[in-house]
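In case you want the letters, here they are:
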Amino acid sequence: MSESVHTNTSLWSKGMMAVICAQFLSAFGDNALLFATLALMKEQFYPDWSQPVLQMVFVGAYILFAPFVGQVADSFAKGRVMMFANGLKLVGAASICFGVNPFIGYTLVGVGAAAYSPAKYGILGELTTGDKLVKANGLMESSTIAAILLGSVTGGLLADWHVLVALGACALVYAGAVVANLFITRLPAARPGQSWRFNAMTASFFSATATLWRNRETRFSLVGTSMFWGAGVTLRFLLVLWVPVALGIVDNATPTYLNAMVAMGIVVGAGAAAKLVTLETVSRCMPAGILIGVVVAVFSLQHALLPAYALLLLIGVFGGFFVVPLNALLQERGKQTVGAGNAIAVQNLGENGAMLIMLGLYSLAVKVGIPVVGVGIGFGVLFALAIAALWIWGRRR
């Protein structure tokens, strides 16, 4: 079944700007809420081991609802799906404000995020098309990274002042995202009339997974983006252990600043990809993926702060240049086959599964006593080799 939607080729249309605005507010709320909720848990004397579990329930929602959220995104107008998902995030944040167990509230936010993702990326291919789709993805990624930076800092600062104020601010930001969704162009459902029976939905999802995996281009994109985001979340945790070992700095702020350098680099790389890469030249992004691993290995050997900042900025630039074209390729090819929403849902399953696997391997390496510098070098080399193998595999098949 093919999608039947009306595309608007203007990159700066009212609908596109509403999507970018809603995405910024939604991502801002997600990151501010994480730090505000962690502060609440400390205030209520939750054990330290429970903090990563909070992130696990968020990621788990993506995996659990992957077979269903793609069909939801394609069965209704995607702008309205985004509004519903942000409304669910609003309910989750507000429930934490009113004393509901933070794990329950944060799980609701995770479910909202899982439903939101296929719609927010899928709608890009309906509002614009062709080469402008890569540029639209660049705008989306840049907006998201800016929201991550500002949301994380704001959530932490407000939580230091007053936890309840921080949580309330997150709820207000989600409310703003809901309002922004009202201004998104009302488009027809991409793939209406699908069955809502559980067996049919799961069968449809796994059929979409098989279809995307059989296609050389979409398989290439799925593997590449999953490896990238799995590596990204692992690098975040690696920095927490690396800073005191390599730099002798034991504060909590330095790893946050280093992560911010990666995020800023992604914005630059995303902008470069929008100008230099098209759907027909996606393979241009692969050397950047290999260089991510090389620079991570070099970074692990550093013992000074300034080179560390520079190298992490470079990792971010390569990361943005690598992942943005792959996202655009999946959206375009997915729209033509299984529906953009279903394609992003399959991608979410792969990315979050990769996060859990890579974090598990990272935790195992630390537990068996491998020095953190050795972990970083090994991680970088293996990632570079894996991307190189993916590139060769993709060109031969």
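Scroll up a little and you will see the structure.
The rules behind each value
Residues numbered from 1 in each chain as written. Predicted model: local features only at pLDDT ≥ 70, side-chain atom pairs only at ≥ 80, totals over all residues. Heavy atoms only, no water. Phe/Tyr/Trp six-rings, centres within 6.5 Å; stacked < 30°, edge-to-face > 60°. Helix = DSSP H or I, 4+ residues; strand = E, 2+ residues; numbered from the N terminus. Buried < 20%, exposed > 50% of the residue type's maximum accessible area, 1.4 Å probe, protein only. Lys NZ or Arg CZ within 6 Å of the ring centre and 35° of its normal. Axes fitted to C-alpha atoms, helices over the stretch in contact; angles between N-to-C directions. Contact = heavy atoms within 4.5 Å. Nonpolar A, V, L, I, M, F, W, Y, C, P; charged D, E, K, R; others polar. Expected span 1.5 Å × (residues − 1). Core = buried A, V, L, I, M, F, W, Y, C linked by side-chain atoms within 4.5 Å. Domains from an automatic or database assignment. Salt bridge = Lys/Arg side-chain N within 4 Å of Asp/Glu carboxyl O. Polar contact = N/O pair within 3.5 Å; in protein donor to acceptor, adjacent residues only side chain to side chain. Disulfide = S-S within 2.5 Å.

Participant: Outline the packing of aromatic side chains, supporting the account with residue identities and numerical values.
Facilitator: Scanning the model with the defined rule gives six aromatic pairs in all. On the basis of an interplanar angle of 40 degrees and a centroid distance of 6.0 Å, the ring pair of Phe 24 and Phe 28 is categorised as tilted. Here Phe 24 pairs with Phe 28, and both are found in helix 1 (residues 14-43), just four residues apart, close to one helical turn. On the basis of relative accessibility, which here comes to 15%, the residue Phe 28 falls in the buried class. Each member of the aromatic cluster is reached from another via a ring pair, and the members are Phe 228, Trp 229 and Phe 322. Directly above the ring of Trp 213 sits Arg 219, whose terminal nitrogen or CZ lies 6.0 Å from the centroid.

Participant: So what about the packing of helix 6 (residues 132-161) against helix 7 (residues 163-181)? Which residues, and what values?
Facilitator: The description of two packed helices rests on the angle between their axes and on the distance between the axes. Taken N-terminus to C-terminus, the directions of helix 6 and helix 7 make an angle of 145 degrees; their axes are 5 Å apart at the nearest point. In this structure, helix 6 uses Gly 155, Leu 158, Ala 159 and Trp 161 to contact helix 7, whose residues at the interface are Val 163, Val 165, Ala 166 and Ala 169. Per-class residue counts for the contact of helix 6 with helix 7 are seven nonpolar, one polar and no charged.

Participant: Tell me about helix 12 (residues 305-337), residues and numbers included.
Facilitator: Its 33 residues place the ends of helix 12 48 Å apart at the C-alpha level, agreeing with the 48 Å of an ideal helix rising 1.5 Å per residue. Among the 33 residues in helix 12, 24 count as buried, and that is most of the element. Remark: Gly 339 follows helix 12 within two positions and exhibits a positive phi of approximately 100 degrees.

Participant: Please provide a residue-by-residue account of the nonpolar core, values included.
Facilitator: In terms of nonpolar packing, the biggest core is built from 113 residues, with Val 19, Leu 33, Trp 242, Leu 258, Ile 292, Leu 312 and Phe 322 touching the most fellow members. When we break this core down by domain, the ones giving at least three residues each are domain 1 (14-187) and domain 2 (211-394).

Participant: Requested: an account of the pattern of salt bridges, with residues and values cited.
Facilitator: Taken as a whole and judged by the stated rule, the model has one salt bridge. Note that Lys 89 and Asp 30 form a salt bridge whose closest N and O atoms lie 3.0 Å from each other. Residue Lys 89 is found in helix 3 (residues 78-97), and its partner Asp 30 is found in helix 1; the two are separated by 59 residues along the sequence. Per residue, the accessibility class of Lys 89 equals that of Asp 30, and both read buried.

Participant: Kindly report on the side chain of Thr 202, identifying the contributing residues and their values.
Facilitator: If you trace the backbone, Thr 202 turns up in helix 8 (residues 198-214). The buried category is assigned to Thr 202, whose relative accessible area is 14%. A polar atom in the side chain of Thr 202 sits 3.0 Å from the backbone oxygen of Asn 199. Residue contacts for Thr 202: discarding those within four places in its chain leaves Pro 67 and Phe 68.

Participant: Just give me the short version of the state of the cysteines, but keep the residues and values in it.
Facilitator: Two cysteines form a disulfide when their sulfur atoms are joined by a covalent bond. For the structure shown, the criterion picks out zero disulfides. Lacking any disulfide linkage, Cys 97 is separated from the closest cysteine sulfur, that of Cys 170, by 7.7 Å. Of the residues examined, Cys 97 reaches a relative accessible area of 21% and is grouped as partly exposed.

Participant: Tell me about the environment of Leu 167, residues and numbers included.
Facilitator: Its place among the elements puts Leu 167 in helix 7. A relative accessible area of 1% places Leu 167 in the buried class. As a C-alpha pair, Leu 167 and Cys 97 span 70 residues in sequence and 5.9 Å in three-dimensional space. Apart from the residues within four sequence positions on either side, Leu 167 is in contact with Leu 33, Ala 36, Thr 37, Leu 40, Ile 96 and Cys 97.

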